[in-house]
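The residues making up each chain are set out below.
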Amino acid sequence: MRVGSVLENQENEKRISITPEVIKKYTSLGFEVLLGENYGRHIGISDDVYLKLGVKISKDDKEILSSSDIIVQLGMLPDDKASVIKENKILIGVLNPYENKDKLENLSKKKINLFSLELLPRITRAQSMDILSSQANLAGYKAVIESFANFEKAIPMMMTAAGTIPAAKVLVVGAGVAGLQAIATAKRMGAIVFATDVRMASKEQVESLGGKFLTVEGSENLETEGGYAKEASEDFKNKQEQLLSETLKKIDIVICTALIPGKKAPLIIKDSMINNMQPGSVIYDLAAIQGGNTAFTEVNKIVEKNGIKIMGESNILNKLPISSSSLYAKNVFNFVDNLFDKKNKKININLDDEIIEKTLIK
């Protein structure tokens, strides 16, 4: 059996789905690995590294896609490449079924088995495959580093003979995986950290990392069974807005991480709130690609409003492609390993398995 992967569109995506460290794991299951030429060169992995591990390298992406039993990618393949995948083969990736509905329906009609890893259930057995958590963890860390680099003051409190520089105050909006990592990173670098989230279960996690949790009066626990945030009521939004308006007057750096899967990002920081912030403050919006959590977020731009920098990128993980590829490749292998019937040496799409059933696009 063959597992294959081709390069993503390099303008949008620098991560790869198969790294050298997972090759032996695939071959131990009996898979032959096929990769496109210069597959990892942009992140410092030469074809020779792959060849020494027994990988077959091809210049023809369509040949790889048509001859592989399992194709692993990050995003959706372009139409001309997706069209060569054969019946009963498997495509695994972050296929974004909300945006790619028509494309995925057409592939499904061709009897191609489509697995979208962002649909993984939040159960213990799926943790080693959880691409949302592994990637969000890195995104939260990098958002803090990027925002601190654009903040033109020191972060920790510094006491000198000339006077004392106060510690920067950071607010993290959304205390999921990315938010919690942002809190931990900002705290390690000496900032005073506050956080807010619609899920009351986050309070204990925030406080365990040394952050102060901002509680909206009369809060309800807005958490789905799968552990994600769900949309807040208008009353909650109004109370949250009032709390944020007052808090932002004394905040130096804001990290926005609030997302609802498959929906436009909630608008949390409105123009009136930004107008009340101190000049020189920085907002990093991790929700930019889904519309942003602020009124002024623009993808891949730094917008300045009244001396406040608002940053948003389409894919912050392109700035950590080696680390993010390493984790993603391991997540994907663990998913393939779960699909593989080791006794009979074949793929088994067992719909009684919650992991398989939830991620299969029907």
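This text follows the structure it describes.
Quick word on the pairing of strand S9 (residues 169–173)
- Burial analysis of S9 places four of its five residues in the buried class, which makes it a mostly covered element.
- In this sheet, strand S10 (residues 192–196) lies alongside S9 in parallel orientation, the contact comprising five bridges. Across the sheet, residue Val170 finds its bridge partner in S10, namely Val193.
- Running through helix H7 (residues 177–188), the crossover from S9 to the neighbouring parallel element S10 is right-handed.

As for the packing of aromatic side chains
- Enumeration according to the criterion identifies five aromatic pairs in this entry.
- Aromatic pair Phe31 and Phe340: ring centres 5.3 Å apart, planes at 50°, arrangement tilted. Here Phe31 is found in the loop between helix H1 (20–28) and strand S2 (32–36), whereas its partner Phe340 is found in strand S16 (residues 340–341), with 309 residues between them in sequence.
- Considering the side-chain rings of Phe115 and Phe335, the 5.4 Å spacing of their centres and the 65° angle between planes classify their relative orientation as edge-to-face. One end of the pair, Phe115, is in strand S6 (residues 113–116); the other, Phe335, is in helix H11 (residues 321–339), with 220 residues separating them in the sequence.
- Judged by its relative accessible area of 1%, Phe335 is buried.

As for the environment of Tyr284
- With respect to the helices and strands, the residue Tyr284 is situated in strand S13 (residues 282–285).
- For Tyr284 and Glu313, which are 29 residues apart along the polypeptide, the C-alpha to C-alpha distance reads 8.9 Å.
- In this structure the side chain of Tyr284 is engaged in a polar contact, spanning 2.8 Å, whose partner is the side chain of Glu313.

So, the pattern of salt bridges
- The tally for this structure, following the rule as stated, stands at 19 salt bridges.
- Taking the shortest distance from any N to any O, the salt bridge between Glu146 and Lys142 comes out at 3.5 Å. Highlighted residues: Glu146 and Lys142, both in helix H6 (residues 131–150), separated by four residues, approximately one helical turn. Both residues of the pair, Glu146 and Lys142, count as buried.
- Linking Glu152 and Lys309 is a salt bridge whose minimum nitrogen-to-oxygen distance equals 3.4 Å. Of the two residues, Glu152 sits in the loop between H6 and strand S7 (158–160) while Lys309 sits in strand S15 (residues 308–312), which places them 157 residues apart along the sequence.

Here's the deal with the side chain of Asn315
- Among the structural elements, Asn315 can be located in the loop between S15 and H11.
- Residue contacts for Asn315: discarding those within four places in its chain leaves Asn12, Glu13 and Arg15.

Description of the sheet that holds strand S3 (residues 56–58)
- Strands sit in the order S3-S2-S1-S4-S5-S6 across an open sheet of six strands; the sheet is parallel. Because the sheet does not close on itself, it has two edges, and the strands there are S3 and S6. Strand-to-strand twist in this sheet, taken as the mean axis angle between neighbours without regard to direction, amounts to 20°.
- Pairing between strand S5 (residues 90–93) and S6: four bridges, direction parallel. When the bridges of S6 are listed, Ile90 appears paired with Asn113.
- Across the face of the sheet, H11 comes into contact with strand S4 (70–72), S5 and S6 while running at roughly 145° to S5.

Considerations on the side chain of Gln181
- Secondary-structure assignment places Gln181 in helix H7.
- Excluding residues within four positions of it along the chain, Gln181 makes contact with Asn137, Gly140, Tyr141 and Arg188.

Let's talk about the sheet that holds S10
- Ordered in space as S11-S10-S9-S12-S13-S15-S14, the seven strands form an open sheet in which the pairing is mixed. Whereas interior strands pair on both sides, the edge strands pair on one side only; in this sheet they are strand S11 (212–213) and strand S14 (301–305).

Describing the nonpolar core
- By size, the foremost hydrophobic cluster in this structure holds 38 residues, and its most contacted members are Ile18, Tyr26, Phe31, Ile70, Ile92 and Phe335.
- The leading source of residues in this core is H11, at seven residues.
- Setting aside its immediate chain neighbours within four residues, Tyr26 contacts Val3, Ile18, Phe31, Val33, Val332, Phe333 and Val336.

The rules behind the values
- Residues numbered from 1 in each chain as written.
- Predicted model: local features only at pLDDT ≥ 70, side-chain atom pairs only at ≥ 80, totals over all residues.
- Heavy atoms only, no water.
- Buried < 20%, exposed > 50% of the residue type's maximum accessible area, 1.4 Å probe, protein only.
- Helix = DSSP H or I, 4+ residues; strand = E, 2+ residues; numbered from the N terminus.
- Pairing = 2+ DSSP bridges.
- Right-handed = clockwise from strand over helix to strand, strands pointing away.
- Phe/Tyr/Trp six-rings, centres within 6.5 Å; stacked < 30°, edge-to-face > 60°.
- Polar contact = N/O pair within 3.5 Å; in protein donor to acceptor, adjacent residues only side chain to side chain.
- Salt bridge = Lys/Arg side-chain N within 4 Å of Asp/Glu carboxyl O.
- Contact = heavy atoms within 4.5 Å.
- Axes fitted to C-alpha atoms, helices over the stretch in contact; angles between N-to-C directions.
- Core = buried A, V, L, I, M, F, W, Y, C linked by side-chain atoms within 4.5 Å.

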